Amino acid sequence: DKFERRMKKVGLYSVLFRNSYQKGTWKNFGFERIDEQINIIFTILLYIMEQSLKEEICTMDDISAYMDEVNMKYFHKSLTYADCRELSDFIVNVILCNEGKVMYFNGYNFKEKEYENLHVSFLQNRVVYLENGQKRTNYWLTNDGYSMFLATLELDNNMKLTIHEMIFKLHLEKATYDKAMEEVKNLF
């Protein structure tokens, strides 16, 4: 029941990896391994999420400056500020926004006995005018973006008790009492 909802969550990661995987652009910036690429994408997502939560404007200039700072401090790739700007633009506009094209993941709907397109959207944007009158694009996370990003840590830590309770309940419903007892131990 509601398998398509599970596939929506899986689809978020699938679309992200599909948009990133085998893009030659990564090599231009020294990020050749997929683990490096995913780490830098989630680093940028974290920054955008923090700006979104503070309800502060988050422009490409802001993201690029953050990318430059993070690279110098942690990743140590030989990138100039201009390279960081180009990399940030690639991550935001190509990987996370799919160059403005709508993104879908086909999830199977068992009730309908067919695949259905599940819409995926990580970021939204709109034009803003800065204090000096300059026109810029402001980026923030969508509900899908929050859902995917928060599922990596924050919800996991905050929901452990609820998840163990749910597993306990499922074991009781299936009358697997020995496993239910093990789950009770996890609760306490």
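Cut-offs and rules
- Residues numbered from 1 in each chain as written.
- Predicted model: local features only at pLDDT ≥ 70, side-chain atom pairs only at ≥ 80, totals over all residues.
- Heavy atoms only, no water.
- Buried < 20%, exposed > 50% of the residue type's maximum accessible area, 1.4 Å probe, protein only.
- Helix = DSSP H or I, 4+ residues; strand = E, 2+ residues; numbered from the N terminus.
- Pairing = 2+ DSSP bridges.
- Core = buried A, V, L, I, M, F, W, Y, C linked by side-chain atoms within 4.5 Å.
- Contact = heavy atoms within 4.5 Å.
- Axes fitted to C-alpha atoms, helices over the stretch in contact; angles between N-to-C directions.
- Parallel < 35°, antiparallel > 145°, perpendicular 65-115°, else oblique.
- Left-handed = near helix turned anticlockwise from the far one by under 90°.
- Nonpolar A, V, L, I, M, F, W, Y, C, P; charged D, E, K, R; others polar.
- Polar contact = N/O pair within 3.5 Å; in protein donor to acceptor, adjacent residues only side chain to side chain.
- pLDDT = per-residue confidence, 0-100.
- Expected span 1.5 Å × (residues − 1).
- Salt bridge = Lys/Arg side-chain N within 4 Å of Asp/Glu carboxyl O.

Let's shift gears to the pairing of strand β1 (residues 103-109). Of the two faces of β1, only one is covered, namely that formed by Met103, Phe105, Gly107 and Asn109; the face formed by Tyr104, Asn106 and Tyr108 stays uncovered. Sheet topology places β1 next to strand β2 (residues 114-120); 7 bridges connect them, and they run antiparallel. Its bridge partner being in β2, Gly107 is matched across the sheet by Glu116. If you look at the hairpin formed by β1 and β2, you'll find 4 residues sitting between the two strands, and Lys113 has a positive phi there, around 60°.

What follows is about the nonpolar core. Phe122 and Leu123 are the most contacted members of the largest nonpolar core, which totals 43 residues. Those elements that provide at least two residues to this core are α1 (3-20), α3 (34-53), α4 (60-75), α5 (81-96), β1, β2, β4 (135-141) and α6 (143-150). The element contributing the most residues to this core is α3, with 9 residues. If we skip the residues at most four places from it in the chain, Leu123 touches Leu45, Ile48, Val92, Leu96, Cys97, Tyr139, Trp140, Leu141 and Thr142.

What follows deals with the packing of α3 against α4. Interaxial distance between α3 and α4 falls to 11 Å at its minimum, and their mutual angle equals 130°. Looking at the two axes, α3 sits oblique to α4. As α3 packs across α4, the resulting crossing turns out to be right-handed. Across the interface between the two elements, Ile40, Thr43, Ile44, Tyr47 and Ile48 from α3 touch Asp62, Ile63, Tyr66, Met67, Val70 and Phe75 from α4. Looking at the contact of α3 with α4, its residues break down into 9 nonpolar, 1 polar and 1 charged.

Moving on, we come to the side chain of Asn138. Looking at where Asn138 falls in the secondary structure, it is placed in strand β4. A polar side-chain atom of Asn138 sits 2.6 Å from the main-chain amide nitrogen of Cys58. Look past the residues within four positions of Asn138 in its chain and what remains in contact with it is Glu56, Ile57, Cys58, Gln124, Asn125, Arg126 and Val128.

Time to look at the confidence of the model for the protein. Looking at the protein, pLDDT values average 87 and 90% of them are 70 or higher. Considering each helix and strand of the protein separately, the mean pLDDT is smallest for helix α7 (residues 154-173), with a value of 62, and largest for α4, with 97.

Okay, the environment of Ile63 next. Its place among the elements puts Ile63 in helix α4. Judged by its relative accessible area of 0%, Ile63 is buried. Between the alpha carbons of Ile63 and Asp89 there is a distance of 8.6 Å; along the sequence they are 26 residues apart. Not counting the four nearest positions on each side in its chain, Ile63 is found in contact with Ile44, Tyr47, Ile48, Cys58, Ser88, Val92 and Tyr139.

Quick look at α4 now. Relative to the 22 Å expected for 16 residues at 1.5 Å per residue, α4 spans just 20 Å between its end C-alpha atoms, considerably shorter than the ideal helical length. Those residues of α4 not exposed but buried are Met60, Ile63, Ser64, Tyr66, Met67, Asp68, Val70 and Asn71. After α4 finishes, the residue His76 shows a positive phi value of roughly 55°.

Our focus in this paragraph is the pattern of salt bridges. With the rule as written, the count across this model stands at 6 salt bridges. Between Glu36 and Lys77 there is a salt bridge, with its nearest N and O atoms 2.8 Å apart. Taken together, the residues Glu36 in helix α3 and Lys77 in the loop between α4 and α5 connect sequence positions 41 residues apart. The partner of Arg136 in a salt bridge is Asp61, and the shortest N-O contact between them spans 2.9 Å. Residue Arg136 is found in strand β4, and its partner Asp61 is found in helix α4; the two are separated by 75 residues along the sequence. For Arg136, a relative accessible area of 26% translates into the label partly exposed. Taking relative accessible area as the criterion, Asp61 reaches 26% and is therefore assigned partly exposed. Each member of the salt-bridge network shares a partner with another, and the members are Arg33, Asp35, Glu36 and Lys77.

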